[in-house]
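One letter stands for each residue in the lines below.
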Amino acid sequence: MPSIQTDDIETYYKVCGTGPPIIFIPGALSDHSAATQQLQAFSDTHTAIAYDLRGHGNTPNPHHTPYSIDQLAEDLHAFITEMGLDRPILCGVSMGGMIAQVYASRYPDQLSALVLADTFSPTFLSRRDRIERLTLMNAMAGLIRLVGYNRAKGFILWFGRKLERNQTPALRADAFPDMDTVDAVNAVKAVAGFHTTDVNLSSITVPTLILYGEHETSIIRRHVPTLSAQIPDSIVQEVLDAGHASPWDNPEFFNSTVRTFLTDQTPIETE
């Protein structure tokens, strides 16, 4: 898998196909392999790219320094710049959707479209929202510190499906790569700190598709109307038979929906 130097890190990525660039941004604790089915599906029409975030997969995080969603968005900016990508499409899942929100709000003229899947906005919508998000994230970080990430991830995946009322099959622990405990904690804490990030959703001017799983948790689901209301040119689609990992749970539906959305954004050529 190739890599490219982006500021202080060597970013590893996978690329398939040719055509307009589309970048798949993985969620916390996952790597480029999370987008395997999307790379296959879109490589016939696009230059499909998935990369490893700082501290994930094969991309190191020097000195295991804590980071924020802001930092990951600037990492993405450096990656796009160094790769020489012209107005790519971004497709961010979970934490990847948070990164994509920040990037799109700061560099709207440098994108052609945006897909936000299974993610929430930075703003706490209520006291309950604050308590549930912070309690969940801090409890996850505490468990990882206590027993180590590679022992904790099976329970984390099982508990996530419990929050979805067991409506979707449990993800296997080996679906997520092993990683250092400190790097896993850094990722979870970055998600927990997303509310401190300054994001003006109304400045996202590119066409945006907002996706969420049919069995998604309330923590994510309650933010869908907020994202839709504040992002001017946006549409919402529920992914059937899917939970928080909608690109994995129902890749055929997910990929078809994204493809239809992108096709609708392509101007019709006239004589």
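Our subject is the structure listed above.
Source: prediction; values computed, not measured. (Residues numbered from 1 in each chain as written. Predicted model: local features only at pLDDT ≥ 70, side-chain atom pairs only at ≥ 80, totals over all residues. Heavy atoms only, no water.)

S.K.: Please set out the sheet that holds strand 7 (residues 208-213) residue by residue, giving values where relevant.
M.R.: As summarised here, the arrangement of the eight strands in space is 1-2-4-3-5-6-7-8, forming an open sheet in which the pairing is mixed. Bordering the open sheet on either side are strand 1 (3-6) and strand 8 (234-239), each of which pairs with just one other strand. Looking at each pair of strands side by side, their axes are set apart by 25° on average, direction ignored. (Pairing = 2+ DSSP bridges. Helix = DSSP H or I, 4+ residues; strand = E, 2+ residues; numbered from the N terminus. Axes fitted to C-alpha atoms, helices over the stretch in contact; angles between N-to-C directions.)

S.K.: Which residues make up the pattern of salt bridges, and what values go with them?
M.R.: Side-chain pairs of opposite charge can arise where the charged atoms are in close proximity. A full pass over the atoms with the stated rule returns 11 salt bridges. Measuring nitrogen to oxygen at the nearest pair gives 2.8 Å for the salt bridge that ties glutamate 132 to arginine 222. In this pair, glutamate 132 sits in helix 4 (residues 127-147) while arginine 222 sits in the loop between helix 7 (218-221) and helix 8 (224-230), placing the two residues 90 residues apart along the sequence. Taking relative accessible area as the criterion, glutamate 132 reaches 25% and is therefore assigned partly exposed. For the salt bridge of glutamate 238 with arginine 221, the shortest nitrogen-to-oxygen distance reads 4.0 Å. Of this pair, glutamate 238 sits in strand 8 while arginine 221 sits in helix 7; the two residues are 17 residues apart in sequence, bridging distant segments of the chain. (Salt bridge = Lys/Arg side-chain N within 4 Å of Asp/Glu carboxyl O. Buried < 20%, exposed > 50% of the residue type's maximum accessible area, 1.4 Å probe, protein only.)

S.K.: Tell me about the environment of leucine 157, and name the residues and values.
M.R.: Residue placement: leucine 157 occurs in helix 5 (residues 149-163). On the basis of relative accessibility, which here comes to 14%, the residue leucine 157 falls in the buried class.

S.K.: Talk me through the packing of helix 4 against helix 6 (residues 181-192); I want residue IDs and the actual numbers.
M.R.: Geometrically, a packed helix pair is captured by the angle between its two axes and the distance between the axes. At a minimum axis distance of 9 Å, the contact between helix 4 and helix 6 shows a crossing angle of 175°. Judged by the inter-axis angle, helix 4 sits roughly antiparallel to helix 6. Contact with helix 4, carried on its side by Leu134, Met137, Asn138, Met140, Ala141, Ile144 and Arg145, involves Thr181, Ala184, Val185, Val188, Lys189, Val191 and Ala192 of helix 6 and no other residues of that element. Taken together, the residues of the contact of helix 4 with helix 6 sort by class into 10 nonpolar, two polar and two charged. (Parallel < 35°, antiparallel > 145°, perpendicular 65-115°, else oblique. Contact = heavy atoms within 4.5 Å. Nonpolar A, V, L, I, M, F, W, Y, C, P; charged D, E, K, R; others polar.)

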